[in-house]
Each structure stands twice: as structure tokens, then as C-alpha cells.
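Take a look at the letters that make up each chain.
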Amino acid sequence: MTLAARLILGGVLIAAGGLKIGNPSDSVVAVKAYQLLPDTIATTVGYGLPILEIVVGVLLVVGLMTRVAAVVGGLLMFAFVFGIAWAWAHGLRIDCGCFGGGGQLGAGQQPAYLLDILRDFGLVVCGAWIVWLPPGRFALDSALGLAGGGRAYTQEEMG
């Protein structure tokens with residue numbers, strides 16, 4: 001199960017970052033559309049977010065620094081849940097920008113806030129699962145002897 005959680009959260013982060021990294025100005029527009037951060041900080045976040053998503057995603061997929069990456073990935077997803085809920089509560093009509101694009105929706109387009117929140121909350125749960133349990137035998141952490149800490153786990157738990 002931990003392997004599945006790592007691959008799901010890591011894969012989503014890699015996909016999201018990969019779709020944004022080729023056009024960082026769209027990422028900046030998406031972050032600014034939430035109206036949560038001052039422009040200078042939103043610009044920095046918009047440019048840095050795709051890189052962070054890809055790095056954390058790769059770490060999760062290969063299982064290196066797994067718990068740290070899961071904490072960062074889970075916190076990112078929680079921040080996205082908060083941001084989407086904020087936009088919804090404040091009547092903003094924006095595309096979440098989760099997988100590229102973002103910004104104000106066009107006429108006739110409707111936001112999918114509930115689905116976005118449910119998806120991202122499920123990814124928060126994946127992050128928590130990864131932090132709680134060992135990374136599994138298919139993780140570099142395990143191969144390098146870095147998976148220690150906490151209690152001893154059975155082979156079945158390590159998946």
C-alpha cells in the first residue's frame with residue numbers, strides 16, 4: 001500500500017509540475033488568481049512550484065528521503081485544498097491551475113472546486129500514509145538502509 005501511495009502522490013506531483021514547467025508564466029497567473037499572496041510572493045511561488053512538485057514527486061517515486069518528501073508533498077496538497085476552498089468561499093471563478101493553465105474562467109465555464117478538493121484531500125491522505133508507514137522494499141531508502149526509525153515492520157507491512 002505504501003508503494004501505491006508513493007507512486008500515486010509522486011506521479012501526480014511529477015505530472016502537475018511537468019505540465020507547468022514549460023510555461024511558468026501560466027503557473028504565476030494561476031497562483032495570483034487565488035488572491036491569497038502579495039504579487040511578489042505569488043510570482044516567486046508560481047515560478048518555484050513546478051520545480052518543487054517535480055523534485056518531490058521524483059523522490060517519492062524512487063523512495064529516497066521518502067518521509068521528508070511525503071511531508072512536503074502532503075503539505076503541498078493541504079495548501080492546495082486550502083487555496084481551492086478559499087477561492088470557493090470567496091466566490092472566485094478560477095481554474096485551480098493544478099495541471100497547468102489556471103486563472104479566471106471564461107464565460108460559461110464552471111469551477112470544479114468540490115472534485116478538486118476531494119482529489120487533493122485524497123493525496124493528503126496518501127502523504128500521511130507514507131509518513132506513517134515504512135517506504136517498502138521497492139524504495140531506495142530501504143535499499144540504502146535509510147528506512148529505519150520507529151518500530152520494526154513485517155515484510156507484509158513493507159509491501
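This text follows the structure it describes.
On a predicted model such as this, the values are computed, not experimentally measured, just so you know.

K.L.:
So what's going on with the overall build of the protein? Which residues, and what values?
P.N.:
A count of helical and extended segments in the protein gives seven helices and two strands. Mapped from its N terminus to its C terminus, the protein presents α and β elements in the order α-α-α-α-β-β-α-α-α. Here the protein has a C-alpha radius of gyration of 17 Å; the compact-globule value for 159 residues is 15 Å, and the two agree. C-alpha extents for the protein along the principal axes are approximately 55 × 25 × 25 Å. Buried residues in the protein amount to 39% of all 159 residues.

K.L.:
Can you lay out the state of the cysteines for me, pointing to particular residues and giving the numbers?
P.N.:
Considering all chains together, one arrives at one disulfide under this definition. Paired through a disulfide, Cys96 and Cys98 show a sulfur-sulfur distance of 2.2 Å. Neither Cys96 nor Cys98 differs from the other in exposure class; each is buried. Cys126 takes part in no disulfide bond, and the closest cysteine sulfur, belonging to Cys98, lies 15 Å away. Using a relative accessible area of 14% as the deciding quantity, one classes Cys126 as buried.

K.L.:
Can you tell me about the pattern of salt bridges, naming the residues and giving the values?
P.N.:
This model, assessed by the stated rule, comprises three salt bridges. Where Lys20 meets Glu53, a salt bridge forms, and the shortest distance between an N and an O atom there is 2.9 Å. Taken as a pair, Lys20 in helix α1 (residues 2–21) and Glu53 in helix α3 (residues 39–62) lie far apart in primary sequence, 33 residues in all. Of the two residues examined, Lys20 and Glu53, each falls in the buried class. In this structure, the salt-bridge partner of Asp116 is Arg119, at a minimum N-O distance of 3.3 Å. Taken together, the residues span about one helical turn, with Asp116 and Arg119 both in helix α5 (residues 113–132) at a distance of three residues.

K.L.:
Mind laying out the environment of Gly10, listing which residues take part and the relevant values?
P.N.:
Mapped onto the secondary structure, Gly10 falls in helix α1. Spatially, the C-alpha atoms of Gly10 and Ala69 are 9.1 Å apart, while their sequence positions differ by 59 residues.

Cut-offs and rules
- Residues numbered from 1 in each chain as written.
- Predicted model: local features only at pLDDT ≥ 70, side-chain atom pairs only at ≥ 80, totals over all residues.
- Heavy atoms only, no water.
- Helix = DSSP H or I, 4+ residues; strand = E, 2+ residues; numbered from the N terminus.
- Rg over C-alpha atoms; globule rule 2.2 N^0.38 Å.
- Buried < 20%, exposed > 50% of the residue type's maximum accessible area, 1.4 Å probe, protein only.
- Disulfide = S-S within 2.5 Å.
- Salt bridge = Lys/Arg side-chain N within 4 Å of Asp/Glu carboxyl O.

Everything listed here is a matter of geometry and, on its own, says nothing about what the molecule does.
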